[in-house]
Amino acid sequence: MSSKIVSAFIAVQFIFVCLYGVSFAKEREGEVIFKVSIQAPEDSKDIKLWVPYPVSDSEQKIEDVKIDGNFSKSAVYSQKIENDRAIYAEWSKPAKERTFTFTFKAKAVERVKKDFLAVNLSQKSDMPKEINKYLQGSEFIPTDGKIREIALNVTTGRKTILEKATAVYDWVVENTFSDPNIQGCGIGDVERILAEKGGKCVDISSVFVSVARAAGVPAREVFGLRLGKKAEEDMTGGHHCWAEFYLPGYGWVPVDPADVRKAMLAENLDLEAAKKYRDYFFGAVDEYRIVLARGEKGYTLNPKQNNAPLAYFMYPYAEVNGRALEWLAAQKELKYQITFKEK
């Protein structure tokens with residue numbers, strides 16, 4: 001390729017970034033090895049395990065899946081939300097230990113959705129019927145009371161979905177903080193977070209989704225896993241949650257106020273100094289993550305678990321003789337390790 005052609009191509013890239021916010025996505029790929037062990041009495045005959053199973057889409061590729069272990073049977077089941085999957089395994093015979101290994105190759109791309117100027121958002125676009133459920137409140141995503149009051153105050157004078165989503169994002173970034181003392185990724189108790197302000201990624205993302213829905217902005221959470229940045233890395237603590245809002249005439253847009261607050265904590269930044277993170281994570285998330293599940297709080301698994309619905313489905317979940325094991329990254333009876341090897 002001649003130098004003139006290369007220069008012209010770079011110039012086109014620059015124009016698109018400046019005019020439309022479009023950038024050429026970065027990629028990350030490698031092998032993920034997920035090892036699970038369940039601690040239970042040796043004579044237990046009713047042990048069940050569910051593990052989120054990522055699937056390929058336009059922004060991630062999952063292939064070469066291998067499942068191994070000493071389970072009695074296993075299968076992949078579709079879940080309530082479209083494209084959500086779970087590997088389900090059972091142990092029905094006595095054993096000294098129960099082991100499960102899930103290996104796959106993953107390729108993820110940077111998810112950049114900032115080209116709003118390329119779409120005529122001033123033109124009225126009808127909300128698809130299937131999106132209406134992402135405006136509804138629930139036990140886990142409250143949209144009334146204090147939440148609605150905040151939503152109305154935050155979006156006063158804002159008319160479009162984009163304007164309202166931007167205002168909600170700004171408010172969440174400015175009114176929460178990352179609390180490293182919260183276990184795992186948090187449980188997403190919105191009312192607690194509003195009272196205490198501090199939380200982890202599920203907590204902060206839940207606040208965004210609740211306030212957005214109360215303001216009339218369709219929104220959902222995305223539950224995923226961060227890929228390693230080194231050639232070989234332990235990524236056991238890599239679970240992460242962010243959010244998306246739906247822009248009629250455009251589609252789903254990623255936002256990650258939790259990662260803004262995490263960067264502020266890690267680098268000791270104030271809001272002004274964190275502007276680069278704040279700008280980036282409205283409409284983009286990096287290439288170091290794959291999606292495990294999205295859009296549902298109050299999760300009933302398939303096959304159905306014996307215990308109450310989960311706050312969300314991102315971590316492995318297990319039951320022994322009908323009793324749920326602690327699943328929020330406690331690593332007590334339900335232990336797991338996730339490693340990453342660069343391709």
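In this text, all values refer to a predicted model and were calculated from it rather than measured experimentally.

Novice: Sorry if this is basic, but what is going on with the sheet that holds strand β12 (residues 239-247) here?
Specialist: Pairing is antiparallel across the open sheet formed by four strands, whose spatial order is β13-β12-β10-β15. If you trace the sheet from one side to the other, it starts and ends with β13 (251-255) and β15 (289-294), each paired once. When the angles between neighbouring strand axes are averaged without regard to direction, this sheet yields 40°. Across five bridges, strand β10 (residues 219-226) lies against β15 in antiparallel orientation. Bridging from a neighbouring strand, Leu225 pairs with Ile290 of β15. Of the strands in this sheet, β10, β12 and β13 touch helix α5 (residues 201-214), which is tilted by about 160° from β10.

Novice: Any chance you could explain the environment of Ser78 here in plain terms?
Specialist: Tracing the backbone shows Ser78 in strand β4 (residues 73-78). Of the residues examined, Ser78 reaches a relative accessible area of 41% and is grouped as partly exposed. With 224 residues separating them in the primary sequence, Ser78 and Asn302 have C-alpha atoms 7.0 Å apart. If near-sequence neighbours (up to four positions away) are discounted, Ser78 is found in contact with Asp84, Arg85 and Asn302.

Novice: Quick question: what am I supposed to make of the packing of helix α2 (residues 146-154) against α5 here?
Specialist: Each packed pair of helices is defined by two parameters, the angle between the axes and the distance between the axes. One way to put it is that α2 packs onto α5 with a least axis distance of 8 Å and a crossing angle of 70°. Here α2 lies roughly perpendicular to α5, going by the angle between them. Across the interface between the two elements, Ile147, Arg148, Ile150 and Ala151 of α2 pack against Ser210, Val211 and Ala214 of α5. Class assignment for the residues of the contact of α2 with α5 results in five nonpolar, one polar and one charged.

Novice: What's the story with the packing of aromatic side chains in this structure? I'm lost.
Specialist: The relative placement of two aromatic rings is captured by the distance of their centres and the angle of their planes. All chains considered together, the criterion is met by 18 aromatic pairs. Aromatic side chains Trp50 and Tyr88 sit 5.2 Å apart centroid to centroid with 55° between the ring planes, which places their arrangement in the tilted category. You can see Trp50 sitting in strand β2 (residues 47-52) and its partner Tyr88 sitting in strand β5 (residues 85-91), a full 38 residues away along the chain. For the pair Trp50 and Tyr88, one class covers both residues: buried. Between the aromatic rings of Tyr246 and Trp252, the centroid separation amounts to 5.3 Å while the plane-to-plane angle is 70°, which identifies the pairing as edge-to-face. We classify Tyr246 as buried; its relative accessible area is 13%. When its relative accessible area of 17% is taken as the criterion, Trp252 is described as buried.

Novice: Would you take a moment to explain the sheet that holds strand β1 (residues 27-38) for this structure?
Specialist: Sheet strands pair by backbone hydrogen bonding; their relative direction is either parallel or antiparallel. Taken in spatial order, the five strands make up an open sheet running β3-β6-β1-β18-β11, and their pairing is antiparallel. Lying at the two open borders of the sheet, with one neighbouring strand each, are β3 (60-69) and β11 (232-234). Direction aside, the axes of adjacent strands within the sheet are offset by 15° on average. In this structure, β1 lies alongside strand β6 (residues 98-109), joined through twelve bridges in antiparallel fashion. Counted as the bridge partner of Ile33 is Thr103 from β6.

Novice: Explain the nonpolar core here, please?
Specialist: What tends to happen in soluble globular proteins is that the nonpolar side chains get buried as a cluster. Core analysis: the largest hydrophobic core is formed by 93 residues, its most contacted members being Ile38, Leu49, Phe100, Phe208, Phe245 and Tyr312. Non-local contacts of Leu49, meaning those with residues more than four positions away in its chain, are made with Val36, Ile38, Ile87, Tyr88, Ala89, Trp91, Phe100, Pro316, Tyr317, Ala318 and Leu334.

Novice: What's the story with empty space enclosed by the protein in this structure? I'm lost.
Specialist: By rolling a water-sized probe across the atoms, one finds the places where empty space is left. Here the structure, examined in full by the defined rule, presents two cavities of 30 Å³ or more. A volume near 50 Å³ is recorded for the largest cavity. Lining the largest cavity, in full, are Glu29, Gly30, Lys61, Glu63, Lys105, Ala106, Lys107 and Lys343. Top contributing element to the lining of the largest cavity by residue count: β6, with three residues.

Thresholds, definitions, all that
- Residues numbered from 1 in each chain as written.
- Predicted model: local features only at pLDDT ≥ 70, side-chain atom pairs only at ≥ 80, totals over all residues.
- Heavy atoms only, no water.
- Pairing = 2+ DSSP bridges.
- Helix = DSSP H or I, 4+ residues; strand = E, 2+ residues; numbered from the N terminus.
- Axes fitted to C-alpha atoms, helices over the stretch in contact; angles between N-to-C directions.
- Contact = heavy atoms within 4.5 Å.
- Buried < 20%, exposed > 50% of the residue type's maximum accessible area, 1.4 Å probe, protein only.
- Parallel < 35°, antiparallel > 145°, perpendicular 65-115°, else oblique.
- Nonpolar A, V, L, I, M, F, W, Y, C, P; charged D, E, K, R; others polar.
- Phe/Tyr/Trp six-rings, centres within 6.5 Å; stacked < 30°, edge-to-face > 60°.
- Core = buried A, V, L, I, M, F, W, Y, C linked by side-chain atoms within 4.5 Å.
- 1 Å grid on protein atoms, 1.4 Å probe; cavity = no way out; pocket = protein on both sides within 12 Å on 5 of 7 lines; lining within 4 Å.
- Points joined across faces, edges and corners; volume = space filled by probe spheres on them.

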